[in-house]
Amino acid sequence: EAGVAQSPRYKIIEKRQSVAFWCNPISGHATLYWYQQILGQGPKLLIQFQNNGVVDDSQLPKDRFSAERLKGVDSTLKIQPAKLEDSAVYLCASSFQGPAYNEQFFGPGTRLTVL
Amino acid sequence: KQEVTQIPAALSVPEGENLVLNCSFTDSAIYNLQWFRQDPGKGLTSLLLIQSSQREQTSGRLNASLDKSSGRSTLYIAASQPGDSATYLCAVPTQGGSEKLVFGKGTKLTVNP
């Protein structure tokens, strides 16, 4: 079974530039998550999709971050414009259904450095 | 608001030693608790998921226990190996709403040969 795929693995940009990350979840997984992990911290949920609908985006900085999940499969997360404090690892995860009873599987992450 | 704490923040042990990692949570109304491993520069690997109705789960040299009433979980690693060196994180889904996972900051384990 293929795991969660993410690209790119690394990205370096200057502040005020824009950047996009891509995620392909495990086949058949209805729920997709984007997390932000700052060095030395646990991951923080940014947005959670159930199929192609948003379940929770309460911690997503909506003035600069956006995400979509077209056709309930792949997802993209965009930052525009980036700030220095956005430097972090962005993790995508998926689960068969919601997190209450289902194990989450994570991709390798994208390490973003904003200069 | 659910808060998850992991103690210690870092642990260094000699190879072969048995060890215990601790995780505590403030709201005992949880569906399950999940333990993850994270290697440097990598994503998270799921190790064990314990449902709220279970007391423990085992996978190879790993054993995770859950005591909901006291808000605690432990991850026991038997006969540690240098390859076990990584950061170990625990997480619980919040009750209600999106049931999003709340993570601890992790315990960084180093197993010395």
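Predicted model only: the values in this text are computed from it and were never measured.

Caption draft 1: Summary view of the interface of chain B and chain A. Across the boundary between the two partners, chain B contributes 21 residues, which contact 24 residues of chain A. Across the chain B to chain A interface the summed buried area is about 1800 Å²; carbon plus sulfur atoms make up 52%. With its nearest N and O atoms 3.1 Å apart, the salt bridge here joins Asp56 of chain A to Lys100 of chain B. Among the residues forming the side of chain B that touches chain A, the class breakdown is eight nonpolar, nine polar and four charged.

Caption draft 2: The sheet that holds strand 8 (residues 72-77) of chain B, seen in detail. All names here are of chain B. Taken together, the five strands give an open sheet; going across it, the order is 1-3-8-7-6, and neighbouring strands pair in antiparallel fashion. Sheet topology places strand 1 (4-7) and strand 6 (56-59) at the edges, where each strand pairs with a single neighbour. Between one strand and the next, the sheet's axes are offset by a mean angle of 15°, whatever the strand orientation. Bridge count between strand 7 (residues 62-67) and strand 8: six bridges; the pairing is antiparallel. Each bridged residue has a counterpart across the sheet, and for Ser65 the counterpart in strand 8 is Thr74.

Caption draft 3: Main features of the sheet that holds strand 1 (residues 5-7) of chain A. All names here are of chain A. Strands sit in the order 1-3-8-7 across an open sheet of four strands; the sheet is antiparallel. At either margin of the open sheet sits one strand with a lone partner, and together these are strand 1 and strand 7 (65-68). Neighbouring strand axes in the sheet, compared pairwise and without regard to direction, differ in orientation by 15° on average. Here strand 7 runs beside strand 8 (residues 75-79); their pairing, made up of four bridges, is antiparallel. Paired with Phe65 across the bridge in strand 8 is Ile79.

Caption draft 4: Fine view of the packing of aromatic side chains. According to the stated counting rule, one finds eight aromatic pairs over all chains in the structure shown. Pairwise contacts between aromatic rings join Tyr33, Tyr35 and Phe106 of chain A together with Phe36 and Phe103 of chain B into one cluster.

Caption draft 5: View of the pattern of salt bridges. Residues and elements named next belong to chain B. Counted under the stated rule, the structure contains five salt bridges over all chains. Between Asp39 and Arg37 there is a salt bridge, and its shortest N-O distance comes to 3.0 Å. According to the relative accessible area criterion, Asp39 is partly exposed, its value standing at 24%. Of the charged contacts in the structure, one is a salt bridge between Asp84 and Arg61, with a shortest N-O distance of 2.8 Å. You can see Asp84 sitting in the loop between strand 8 and strand 9 (86-93) and its partner Arg61 sitting in the loop between strand 6 and strand 7, a full 23 residues away along the chain.

Caption draft 6: Summary view of empty space enclosed by the protein. With the rule as written, the count across this model stands at one cavity of 30 Å³ or more. Its boundaries defined by the atoms lining it, the largest cavity holds a volume of some 50 Å³. Forming the walls of the largest cavity are Arg9, Tyr10, Val89, Pro108, Gly109, Thr110 and Arg111 of chain A together with Gly41 of chain B. A breakdown of the residues in the lining of the largest cavity according to their chemical character gives three nonpolar, three polar and two charged.

Caption draft 7: Examining the environment of Cys23 of chain A more closely. You can see Cys23 of chain A is positioned in strand 3 (residues 19-24). Sequence separation between Cys23 of chain A and Ser94 of chain A is 71 residues; the distance between their C-alpha atoms is 9.7 Å.

Conventions used here
- Residues numbered from 1 in each chain as written.
- Chains lettered and ligands numbered in written order.
- Predicted model: local features only at pLDDT ≥ 70, side-chain atom pairs only at ≥ 80, totals over all residues.
- Heavy atoms only, no water.
- Contact = heavy atoms within 4.5 Å.
- Buried area = accessible area lost by both parts, 1.4 Å probe.
- Salt bridge = Lys/Arg side-chain N within 4 Å of Asp/Glu carboxyl O.
- Nonpolar A, V, L, I, M, F, W, Y, C, P; charged D, E, K, R; others polar.
- Pairing = 2+ DSSP bridges.
- Helix = DSSP H or I, 4+ residues; strand = E, 2+ residues; numbered from the N terminus.
- Axes fitted to C-alpha atoms, helices over the stretch in contact; angles between N-to-C directions.
- Phe/Tyr/Trp six-rings, centres within 6.5 Å; stacked < 30°, edge-to-face > 60°.
- Buried < 20%, exposed > 50% of the residue type's maximum accessible area, 1.4 Å probe, protein only.
- 1 Å grid on protein atoms, 1.4 Å probe; cavity = no way out; pocket = protein on both sides within 12 Å on 5 of 7 lines; lining within 4 Å.
- Points joined across faces, edges and corners; volume = space filled by probe spheres on them.

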